[in-house]
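Per-entry structural report
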Amino acid sequence: MSTTRRDALKVLAATTSLPFAAQGATEPKNFTAEEFAVLSRLSDLILPRTDTPGAVDAGVPAILDDAAGRSPALRNTLREGIASLGGAKFLTESEASQNQALRRISGLDGAAPTPFFTALKNEVIDAYYSTREGLVAELGYHGNVPLAEFPGCTHPEHQRLD
Amino acid sequence: MQIRSSPEIADVLIVGSGAAGGMAAWNLTRQGVNVTLLDAGERFNRARFWTHVRPWERRAREARGLHPPEFYLQASEQPVLTPPGRPFDLTRVWGRGGKTNVWGRVALRYSDLNFHEPALDGWEIPWPVTYAEMAPYYDRVEQLIGVCGGDDDEPFLPGSRYHLPPPNPRCGEYLIRRAAHHAGVKIVAGRRAVVTREHNGHGPCHYCGACGRGCDIAAFFNSSDYLLEPALATGRLTIVDNAVAAEILTGDDGLASGVRYFGRHSRDEHTLRARRVVVAASCVDSTRLLLNSRGARHPNGIANSNDVIGRYLCEQIRFHMYGFVPELMGGPVHNDDGISGAHIYMPRFVPPGGKGRDYLRGYGMQFWGFGAGAGASFGKQLPGFGAGLKRGIKQRYPALVALHPYGEVLPRADNRITLDPVRKDAYGIPLMRIDYSIGENERRMAEAMYTTCEEILHAAKAEVLPYQRGWLDVNGAAIHEHGTCRMGSDPKRSALNKYCQAHEVKNLFVVDGASFPTSTEKNPTLTILANAWRATDYMAAEMAAGRV
Ligand SMILES: Cc1cc2nc3c(=O)[nH]c(=O)nc-3n(C[C@H](O)[C@H](O)[C@H](O)COP(=O)(O)OP(=O)(O)OC[C@H]3O[C@@H](n4cnc5c(N)ncnc54)[C@H](O)[C@@H]3O)c2cc1C
Ligand code: SF4
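Residues numbered from 1 in each chain as written. Chains lettered and ligands numbered in written order. Predicted model: local features only at pLDDT ≥ 70, side-chain atom pairs only at ≥ 80, totals over all residues. Heavy atoms only, no water.

Re the overall build of chain A
How we decide: Put simply, DSSP H or I for four residues or longer makes a helix, DSSP E for two residues or longer makes a strand, and each gets a number counted from the N terminus. Summary of the burial criterion: residues with accessible area below 20% of their type's maximum are buried, those above 50% are exposed, and those between are partly exposed, where the area comes from a 1.4 Å probe applied to protein chains only. Two residues form a contact once any of their heavy atoms are found within 4.5 Å. Shrake-Rupley sampling with a 1.4 Å probe provides the accessible areas, and residues are treated as covered by the protein chains on show and by no other component.
For chain A, the helix and strand inventory stands at eight helices and zero strands. When the 162 residues of chain A are sorted by exposure, 45% land in the buried category. Considering only intrachain contacts with a sequence separation of at least 6, the fraction spanning at least 24 residues in chain A is 66%. Working note: accessible area of chain A is about 7700 Å², and carbon and sulfur atoms make up 53% of it.

Considering the site of ligand 2
For the record, the criterion: Residues are classed as near a molecule or strand on a simple rule: at least one heavy atom within 4 Å of it. All amino acids are sorted into three groups, where Ala, Val, Leu, Ile, Met, Phe, Trp, Tyr, Cys and Pro are nonpolar, Asp, Glu, Lys and Arg are charged, and the leftover types, Gly among them, are polar.
In the vicinity of ligand 2, the residues found are T51, C205, H206, Y207, C208, G209, A210, C211, C215, A219, F220 and G338 of chain B. Of the residues in the shell around ligand 2, the class split is eight nonpolar, four polar and no charged.

Description of the sheet that holds strand β4 (residues 80-81) of chain B
Residues and elements named next belong to chain B. Keep this limit in mind: Pairs of strands are assigned from DSSP output, requiring at least two bridges between the strands.
Strand order in the open sheet formed by three strands is β4-β17-β16, and the pairing between neighbours is mixed. Looking at strand neighbours, the two that pair on one side only are β4 and β16 (416-424), the edges of this open sheet. Where β16 and strand β17 (residues 430-435) come together, five bridges link them in antiparallel fashion. From the neighbouring strand, R416 faces β17, where its bridge partner is D435.

Re the interface of chain A and chain B
Let me state the cut-off plainly: Buried area is calculated as the accessible area (1.4 Å probe) missing from two parts once they are joined, with the contributions of both summed. Any Lys or Arg side-chain nitrogen found within 4 Å of a carboxyl oxygen on Asp or Glu counts as a salt bridge. The definition of a polar contact used here is a pair of N or O atoms within 3.5 Å, where within protein one atom must be able to donate a hydrogen and the other to accept one, and adjacent residues in sequence count solely through side-chain atom pairs.
Listed per partner, the contact involves 51 residues of chain A and 49 residues of chain B. Regarding the contact of chain A and chain B, the summed buried area is about 4100 Å², with carbon and sulfur atoms giving 60% of it. Counting every contact that joins chain A to chain B gives one salt bridge. With a shortest N-O distance of 2.8 Å, K380 of chain B and D126 of chain A are connected by a salt bridge. Summed over the shared surface of chain A and chain B, the number is 25 residue pairs in polar contact (both at pLDDT 80 or more). Here the side of chain A that touches chain B is composed, by residue class, of 25 nonpolar, 16 polar and 10 charged.

With respect to the packing of helix α2 (residues 33-46) of chain A against helix α4 (residues 72-84) of chain A
Residues and elements named next belong to chain A. Definition in use: Interaxial angles span 0 to 180 degrees and are taken between N-to-C directions of axes, which are lines fitted to C-alpha atoms, for helices over the stretch in contact. In these notes the angle categories are as follows: under 35 degrees is roughly parallel, over 145 is roughly antiparallel, 65 to 115 is roughly perpendicular, and the rest is oblique.
Where α2 meets α4, the axes come as close as 10 Å, and the angle between the chain directions of the two elements is 85°. In terms of orientation, α2 lies roughly perpendicular with respect to α4. Residue-level contacts link E35, V38, L39 and L42 of α2 to L78, R79 and I82 of α4. Across the contact of α2 with α4, the residue classes tally to five nonpolar, no polar and two charged.

Some thoughts on the site of ligand 1
Residue and element names in this part refer to chain B. Surrounding ligand 1, one finds 37 residues, the nearest of these being D39, K99, G104, A245 and T525. One nitrogen or oxygen atom from the main chain of S17 is found 3.1 Å from an oxygen atom belonging to ligand 1. With respect to ligand 1, the backbone of G104 contributes an N or O atom lying 2.6 Å from a nitrogen atom. When the free accessible area of ligand 1 is taken as 990 Å², the share hidden by the protein chains comes to 93%. Elements with a minimum of two residues in the shell around ligand 1: α1 (19-30), β7 (243-250) and α10 (525-544). In terms of residue count, the dominant contributor to the shell around ligand 1 is β7 (three residues).

A closer look at the domain arrangement of chain B
Residue and element names in this part refer to chain B. Spelled out, the test is: For the purposes of this description, domain bounds are those given by an automatic or database domain assignment.
Once the domains are mapped, chain B shows domain 1 (8-46 + 71-148 + 221-315 + 411-438 + 478-548) and domain 2 (153-190 + 317-408 + 439-474). Summarising the inter-unit geometry, the C-alpha centres of domain 1 and domain 2 are found 32 Å apart. For the pair domain 1 and domain 2, the summed buried surface comes to about 2700 Å²; carbon and sulfur atoms form 55% of the total. Considering only the surface of domain 1 that becomes buried against domain 2, C148, I438 and E521 emerge as the three largest contributors, covering 28% of it. Across the pair R412 and E442 runs a salt bridge, and its minimum N-O distance is 2.8 Å. Across the domain 1-domain 2 interface, the total number found is 11 residue pairs in polar contact (both at pLDDT 80 or more). Per-element accounting of the side of domain 1 that touches domain 2 gives the leading share, five residues, to helix α3 (residues 112-121). For the side of domain 1 that touches domain 2, the per-class residue count stands at 13 nonpolar, 10 polar and 11 charged.

Considering unusual backbone geometry
Excluding glycine, a negative phi dihedral is what most residues carry, and trans is how most peptide bonds are arranged. Residue and element names in this part refer to chain B. A cis amide bond, omega 5°, links G203 with the succeeding residue P204. Here P204 lies in the loop between β5 (188-189) and α6 (223-233). Non-glycine residue A303 carries a positive phi angle of around 60°. With respect to the helices, strands and loops of the structure, A303 is situated in the loop between α7 (283-291) and β11 (316-318). Positive phi outside glycine occurs at D307, with the angle close to 60°. Within the secondary structure, D307 is located in the loop between α7 and β11.

Topic: the pattern of salt bridges
Residues and elements named next belong to chain B. Under the definition given, this model contains 41 salt bridges over all chains. Residue R486 is joined to E124 by a salt bridge in which the shortest nitrogen-to-oxygen separation is 3.1 Å. Here R486, found in the loop between β18 (463-464) and β19 (508-510), pairs with E124, found in the loop between α3 and α4 (131-145); they are 362 residues apart in sequence, far enough to count as distant. As far as burial versus exposure is concerned, R486 and E124 are alike and both buried.

A short note on the pairing of strand β9 (residues 269-274) of chain B
Residues and elements named next belong to chain B. When you tally the buried positions in β9, you get five out of six residues, the bulk of the element. Bridge count between strand β8 (residues 256-263) and β9: five bridges; the pairing is antiparallel. Residue pairing in the sheet places F262 in a bridge with E269 of β9. The hairpin formed by β8 and β9 contains five residues between the paired strands, and R267 there has a positive phi angle of roughly 65°.

A short note on the environment of R547 of chain B
Residues and elements named next belong to chain B. Note on placement: R547 falls in the segment after α10. Here R547 falls in the partly exposed class, since its relative accessible area comes to 48%. Measuring from C-alpha to C-alpha, the distance between R547 and N306 comes to 24 Å, with 241 residues separating the pair along the chain. Contact partners of R547, with chain neighbours within four places excluded, come to K506 and E542. Separated by 2.8 Å, the side chains of R547 and E542 make a polar contact.

As for the sheet that holds strand β3 (residues 35-38) of chain B
Residues and elements named next belong to chain B. Spatially, five strands are ordered β6-β3-β2-β10-β19 in an open sheet, and the strand pairing comes out parallel. Both edges of this open sheet fall to β6 (237-240) and β19, since each of them pairs with a single strand only. Within this sheet the neighbouring strands show an average axis-to-axis angle of 20°, counted without direction. In terms of strand pairing, strand β2 (residues 12-15) meets strand β10 (residues 277-279) through three bridges, oriented parallel. Each residue of the ladder has a partner; that of L13, found in β10, is V277. Sitting on the sheet, α6 touches β3 and β6, and the angle it makes with β6 is about 125°. Sheet strands touched by α7: β2, β10 and β19. Its angle to β10, the strand with the most contacts, is close to 135°.

Next comes the structure, spelled out in structure tokens:
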């Protein structure tokens, strides 16, 4: 085993434990452990932990694993994309160069975002903002509950016609 | 396979139990008529609706192998054939109440102009009904089912004295109303068949905002709870669930004599004899049934010697524009659920003096999805990634505004439903082909629709999510199909008279949206209900007089 691969696996061990421990699950069903570790890292690069939970805190990688199970096309896109970033080696790179790599495929530098980036970002957003962490802790959603009255807008300044 | 024939003869046999069939069953039974109703599905169990299951709870339930009720008919069970490159996205709910279990509840009166506009612009035939004739039925339907709304009375949107209190608009809706006002566009209170206070034993709504998953307390109108249950209580309604009608049978006299149908799951074939048949399987399924009813006297399908049935399919064009209003950016997050969907509506907009109007008919606008929703999929359209993206999404979350204009599609003879000569479903019923496209008029109208949206969002100083001018939803997406068995005063150009009675077969009535000569720019269900009530009043009177 090459050094880089061994290093990669070390990082992998450190990162994979989190989402599945959080979910109480054992291992990914539609990715290898290495791919899953990269996917987890990428999820957090897209929606990182700030003063609120990040994608990994919210269990997004496991949700992506399930989504890939339902869609072979998505699974392929994600696996190929992970490979194109260097696979497990990606995890040994510095945060700055990981961000750089993501930036190159994100469309921020002028070219169109790659299909992989778009698929990944869309899935991470859908997943994260459907969790309690993303919807409630981050965004402050508190809907879908029975109310006696619906107040609606209570701001006279919004209600003016002119 | 087994063919079973019931010895009884139904007084009235209704096919379908959605808005149209439910109304027909309710109105006939309460007038003392015995009714048998065939429905392609069964009752949806409200106790099992996932109305209050939030996204993360839904995932946890699904992980345990649980599923929400499946309202929608899968295309794999009943494929719809379309020409290459011209999809038609047909949405069907088979089961008691049909699509009213999940409908958007927008309940708008058609205006006088909606009914007679074809007579003014010369495009196809006008309705044989006027607003004055329909108005008392709108009054009755609104009182029966409960429609919340304001006291607006607009040229293109007649008012009502019977609205229940409308829900207060959300912040974004007030801001859009103001912006529209600055752009010269009038916004009124939305009108929805949601009971905002207890009404005829239903509701009240508790503003959980989850109507699309079915309301577990039936606080919005659905045919099953509001019409079928009271009709069953009269003791004069018999419902045959899971009965897929295949053909209307006819006698030597050419009159309807019953219906041949299949058990949805058993696939057994049955016939049921009837003195009168009311077709209400929703526009497209009703049309398929009529075209497949080819008795000796009706080689082109029942009541279709003039080849009108199946033609003139018309729906609506629609698109979506999203933006964020500056006043609400980064502001507090409220519970914006309300009665789910917009609390405001834009009646048909025509620039002053019709300036620049180069199309026939018109468009109105809905605004679903204001403010804090149960997701943030708009974030996919913001650039980049990382903490900046996360911040950007959070900032915009309470400020989301959404514009959804609906435009009338003209009826055209070539937009049609036919039966495939070869392919059949599991029961041996021919599959239908939908051959439908929009034309120059709709493309010109779409331009105007985009301009109106842009003007409103511009006046709101909104940040607008990227869009492509001219883009339209896939055909069929508005779920407002009409025209394929239209009423009219000229029997050569229409299939039904003004009471939805077939010109050629007097004991056959078609009371759903298939009978509408035009699609208008509005959501049709309030009018389907009013019209089915009107038609079955006539039918009951004709029965009493011994004429049908
Ligand atoms: C998501 C959604 C949102 C909507 N929003 C709105 C809105 O805001 N406002 C509005 O006005 N309209 C809205 N609509 C449309 C509205 O639901 C329909 O206009 C209305 O339900 C039509 O009533 P119907 O009786 O013609 O058909 P349906 O309600 O579709 O009922 C058809 C019935 O026929 C039965 N059937 C079908 N085929 C057969 C067969 N072969 N044999 C026996 N039975 C059969 C079905 O089981 C069903 O009971 C919406 C629809 C959907 C799906
Ligand atoms: S918002 Fe009202 S009508 Fe809609 S599901 Fe909730 S209680 Fe029912």
